[in-house]
Amino acid sequence: MDKRPDYKFIEKEIRDLWFNKRKDLFRFDISKEPRYIIDTPPPFTSGEAHMGHALGFVWMDFIARFKRLEGYNVYFPLGFDCHGLPTERKVENKLEIKREDRVRFLEACKEWTLKGIESMYNTFLRLGCSFDLYKVYRTMDKKYEALVQYTLIKMFNEGLIYRGKKPVMWCPKCRTAISMQEAGYIEKEGVLAYIKLKFGDKFVLIATTRPEMISSCVGVLIANNEYVETEDGLIVSKVFAEKNNLKIKRIIKPEELNGKEVEIPLINRRVKIYVDEDVDYNFGTGIVWVCTYGDFTDVKWKERYNLPEIICISDEGRIINSLEELNGLTVEEARRKVLDLLKDYLYRVEKIKHNVLSHTERQDCLSTLELIPKEQFFIKTLELKKKLIEWQKDIKFYPEEMRNRLISWIESMDQDWNISRSKLIWGLAFPFFKKDGKIYPIEIEDLPFDPRRDKDKIEKYRKKYGNVEFFEDEVVDVWVESSITPIAIIYYALTEGLEDVKDIEPYFEEAVKYLPVDLRQQGYEIIRTWLYDTLVRVKLLTGKLPWKEALINGMVLAEDGRKMSKSLGNAVDPNEVMDKYSPDALRYWALMASHGDDYRFTWKDVETGQAFMIKLWNIARYIYLNCSEVKIKDKPKELEKEDIEILNNLKEVVNKSFELTKEYRFQDYLKLWRKFVWEDFANGYLEKVKERVRNKDIKALWTLKYILRVIISFLHPAFPYITEKIYREIFRDEEKKESIIETSFREVISQLIL
């Protein structure tokens, strides 16, 4: 063995062993028991793997390697999430290819995605991720697309998917509808405008954050509470009058206002006043107007009182069907302009900060969302709320408190899952067509189906059904594609070697038998998207849970404590870390993270990991130089007291290791082994027996070599490169195996029974 480990050489040699010479080492055989299956996240093909990927995949690889050494037939799959808006933007902005040139645009999206896959794939292999490389899937593969479309048809036939027109959350910047899972609230600056609405010779004073929607006002609502007329002719809540020291002329009961009409300024429309239990009496003046559609409360009130629908915001986020001075302006421009136009009707305008519904799932967007009625495809999820709360109880969460994120999300649901994405091209087509206003599914034999490319199939349906309409301007929400991964990975195992599977149904039904799989590992930020969506889809499709356990990690932070991102200039490339130190040192950093907690990347942690690797190498080299003639199978009949003591200590560490791994306590696992290796073994026992080693005491030599053998087995899941190299240098010839992965804990620890 070299005096110091040459990590560049070790990485090259061991990668060649794992992924070329002995590629079958990590191959999953679905027919062999006991099985252990991990539902791995298919990372979006953004082009580069980041530190969040590194953390999550190192966690999963630790589990995969540990379970293999326990004797399990492990399935550690790798997939790539290919479709989506970010790729379209890259192609449009960086490659300057317009989506109007559809064929060229789609080909460019595919090429961009393939480059991203190649880069990320190489990073994952450098990390030492022991994937089954025979079953790598991409969501843009025809085989995968066909499976997803089959699940959509199955859900449609069971009445779980429908098409309908309703107000949807629309992103003007991305030009598409999005689902609840992709939306959130962001604090933004705004206004609270107090506008006087003519009411005979008086004025009803309303407060609104959306004055630009004046042309779509169709009603005014008050609470079932006391209102007042002030001496200056304003009608407001009693609370507002008292808070603003307004002189009250008389008290007005709500029934006095109910059903009366007020006049909306500038547009001269008369609308009715309604008494409603959902009006917040303490907000503003306690009086609000209803605009279609300002927010989801407006949607509710519009339906409750059968109010007319007036759309005043276009798909591009500009004002339409309004005053001449406002038409064509952006929402923000119109908000400023209308306040100027309303100057004779304004009581006051307050600058405020408030939570605004935004496109939060796309960090490069974060645009304010508008509600616009659209005909879209939906999955019935609103009616599942109680069932989902019950279903999730049978999934074990690590840490347990992460369950609350899922429950809170389920309880907050107020709409079905919108799965249509409009005006996008780089995505999966819907396997449906419309005839005479009714929706029909494509025949299974024609999957995968894409009306933009499958002209022969389109002709087939037109000949058979006459005038039919396909959904060429819509693609499926990408979360629909990735939400069947527990099924898809088994499907790929069952159909390994088959590129074009026409008879999907029997393979699908066979895959269901293997559910739930053992583990889902992911970040907490996508509990409401990927975890929730997968629970919904898999349970509805199969009647079974997707997984038994969910292991949740936090966000990776930069050394400055902020979220790590390119835009902030504080991102660190995993390859940079591996180039400077080693994959094992990076893995040390990743495994020192705690469940669910945000975790800083620090170079100091990587350096600590590298120091541990060097210490382990030095220990191994000492044993290599002094104990090479000893055979582990030839255990001495009697050992010295100090030999027995260190072996008993090792036995305790081994037993504790199994306990910690069951709960995925990687940090405690590493601390346990680091203390044993560095303090108890190297600084303690090894120093004590050096004289015995010089005297060729077989008991000491055997104990040293045997303990090293146990150490590298239990450190292999954490540090696969250096432990594999040590195994090959010291133990390969004796055990006649090429890789430590071909061995087991059971074989190694059998000698610990003292």
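No experiment lies behind these values; they were computed from the predicted model shown. (Residues numbered from 1 in each chain as written. Predicted model: local features only at pLDDT ≥ 70, side-chain atom pairs only at ≥ 80, totals over all residues. Heavy atoms only, no water.)

A. Focus on the overall build of the protein chain. Along the backbone of the protein chain there are 26 helices and 28 strands. C-alpha extents for the protein chain along the principal axes are approximately 110 × 70 × 45 Å. Looking at the 754 residues of the protein chain, the share that counts as buried comes to 59%. Long-range contacts, defined as pairs at least 24 residues apart, comprise 76% of the intrachain contacts of the protein chain with a sequence gap of at least 6. Separation of charge centres in the protein chain, based on 126 positive and 127 negative side chains, amounts to 1 Å. (Helix = DSSP H or I, 4+ residues; strand = E, 2+ residues; numbered from the N terminus. Buried < 20%, exposed > 50% of the residue type's maximum accessible area, 1.4 Å probe, protein only. Contact = heavy atoms within 4.5 Å. Lys, Arg positive; Asp, Glu negative; His and termini not counted. Charge placed at Lys NZ, Arg CZ, Asp CG, Glu CD.)

B. Structural detail: the pairing of strand β15 (residues 287-291). The buried fraction of β15 is high, at five of five residues. Inspection of the sheet shows strand β9 (residues 217-222) paired to β15 by five bridges, in the antiparallel sense. Pairing of Cys-217 across the sheet is with Cys-291, part of β15. (Pairing = 2+ DSSP bridges.)

C. Main features of the pattern of salt bridges. Following the criterion strictly, the structure yields 75 salt bridges and no others. As a salt-bridge pair, Lys-699 and Glu-640 come within 3.2 Å of each other at their nearest N and O atoms. You can see Lys-699 sitting in helix α23 (residues 698-715) and its partner Glu-640 sitting in the loop between α19 (603-627) and α20 (641-662), a full 59 residues away along the chain. Relative accessible area serves as the criterion here: at 23%, Lys-699 is assigned to the partly exposed category. In this structure Glu-640 comes out as partly exposed when scored by relative accessible area, which is 33%. What emerges from the salt-bridge pattern is a single network uniting Glu-13, Lys-725, Arg-728, Glu-729, Arg-732 and Glu-738. (Salt bridge = Lys/Arg side-chain N within 4 Å of Asp/Glu carboxyl O.)

D. Seen up close, the domain arrangement of the protein chain. Splitting the protein chain by domain gives domain 1 (181-368) and domain 2 (602-749). When each unit is reduced to the centre of its C-alpha atoms, the spacing between domain 1 and domain 2 is 72 Å. (Domains from an automatic or database assignment.)

E. A look at the nonpolar core. Judged by nonpolar contacts, the single largest core of 124 residues is most densely connected at Phe-601 and Trp-673. Excluding its chain neighbours within four sequence positions, the residues that come into contact with Trp-673 are Phe-612, Leu-650, Val-653, Val-654, Ser-657, Val-710, Ile-711, Phe-714 and Leu-715. (Core = buried A, V, L, I, M, F, W, Y, C linked by side-chain atoms within 4.5 Å.)

F. Representation of the packing of aromatic side chains. Under the defined criterion, the tally for this structure stands at 61 aromatic pairs. Each ring, one from Trp-59 and one from Phe-666, has its centre 5.4 Å from the other, and the planes form 55 degrees; the classification is tilted. Within this pair, whereas Trp-59 is found in helix α2 (residues 51-70), its partner Phe-666 is found in helix α21 (residues 666-688), the two being separated by 607 residues in sequence. Classification of Trp-59 as buried rests on a relative accessible area of 0%. The positively charged end of Arg-27 is found above the aromatic ring belonging to Tyr-134, 3.6 Å away from the centroid. (Phe/Tyr/Trp six-rings, centres within 6.5 Å; stacked < 30°, edge-to-face > 60°. Lys NZ or Arg CZ within 6 Å of the ring centre and 35° of its normal.)

G. Inspection of the side chain of Ser-358 at higher detail. Following the sequence through the fold, Ser-358 ends up in strand β16 (residues 346-358). A polar atom in the side chain of Ser-358 sits 3.2 Å from the side chain of Lys-188. Those residues in contact with Ser-358, other than ones at most four positions away along the chain, are Glu-182, Ala-183, Gly-184, Ile-186, Lys-188, Leu-366, Ser-367, Thr-368 and Leu-369. (Polar contact = N/O pair within 3.5 Å; in protein donor to acceptor, adjacent residues only side chain to side chain.)

H. Examining the side chain of His-595 more closely. Along the chain, His-595 falls in the loop between α18 (583-591) and β28 (599-600). From its side chain, His-595 meets the backbone oxygen of Tyr-664 in a polar contact 2.4 Å long. Setting aside residues up to four positions removed in sequence, His-595 forms contacts with Trp-59, Tyr-398, Pro-399, Leu-551, Ile-552, Glu-663, Tyr-664 and Arg-665.

I. Examining the pairing of strand β14 (residues 269-275) more closely. Summarising the sheet, β9 and β14 pair through three bridges and their orientation is parallel. Across the sheet, the residue bridging to Leu-221 is Tyr-274, located in β14. By the bridge criterion, four bridges tie strand β13 (residues 261-264) to β14 in an arrangement that is antiparallel. Bridge pairing in β14 places Val-262 opposite Val-271. The turn joining β13 and β14, which pair antiparallel and follow one another in sequence, is formed by four residues; a positive phi near 70 degrees is taken by Leu-266.

J. Highlighting the sheet that holds strand β23 (residues 469-470). Pairing is antiparallel in the open sheet, where three strands are placed in the order β22-β21-β23. The outermost strands of the open sheet, each flanked by one partner alone, are β22 (438-441) and β23. Together, β21 (432-435) and β22 form the strand contacts of helix α5 (residues 142-157), whose direction differs from that of β22 by roughly 130 degrees. (Axes fitted to C-alpha atoms, helices over the stretch in contact; angles between N-to-C directions.)

K. The sheet that holds strand β25 (residues 517-523), seen in detail. Ordered by their spatial adjacency, five strands build an open sheet running β2-β1-β25-β26-β18, and the pairing between neighbours is parallel. Unpaired on one side and paired on the other, β2 (73-75) and β18 (396-398) mark the two borders of the sheet. Strand-to-strand twist across the sheet, computed as the mean angle between neighbouring axes with direction ignored, equals 20 degrees. Relative to β2, strand β1 (residues 35-39) is paired through three bridges, and the arrangement is parallel. By the bridge assignment, Arg-35 is partnered in β2 with Asn-73. Across the sheet, helix α14 (residues 485-494) lies against β1, β2, β25 and β26 (547-553), angled at about 130 degrees from β1, the strand it touches most.

L. Broad picture of unusual backbone geometry. In this structure, Pro-34 follows Glu-33 across a cis peptide bond, with omega equal to -5 degrees. Inspection of the secondary structure assignment puts Pro-34 in the loop between α1 (7-21) and β1. The omega torsion across Tyr-398 and Pro-399 is -5 degrees, close enough to zero to call that bond cis. Topologically, Pro-399 is positioned in the loop between β18 and α11 (402-412). Residue Asn-245 is not a glycine yet carries a positive backbone phi of 55 degrees. The topology assignment puts Asn-245 in the loop between α6 (238-243) and β12 (248-252). Asn-245 sits in the exposed class, given a relative accessible area of 70%. The phi dihedral of Asn-321 is positive, around 55 degrees, even though this residue is not glycine. Among the structural elements, Asn-321 can be located in the loop between α8 (296-304) and α9 (331-341).

M. Expanded view of the packing of α2 against α20. Two numbers describe how α2 lies on α20: the axes approach to 12 Å, and their chain directions differ by 130 degrees. The orientation of α2 with respect to α20, classified from their angle, is oblique. Judged by the twist between their axes, the crossing of α2 over α20 is left-handed. Facing α2, whose interface residues are Phe-62, Phe-66 and Glu-70, α20 presents Ser-657, Phe-658 and Thr-661. Here the residues of the contact of α2 with α20 sort into three nonpolar, two polar and one charged. (Parallel < 35°, antiparallel > 145°, perpendicular 65-115°, else oblique. Left-handed = near helix turned anticlockwise from the far one by under 90°. Nonpolar A, V, L, I, M, F, W, Y, C, P; charged D, E, K, R; others polar.)

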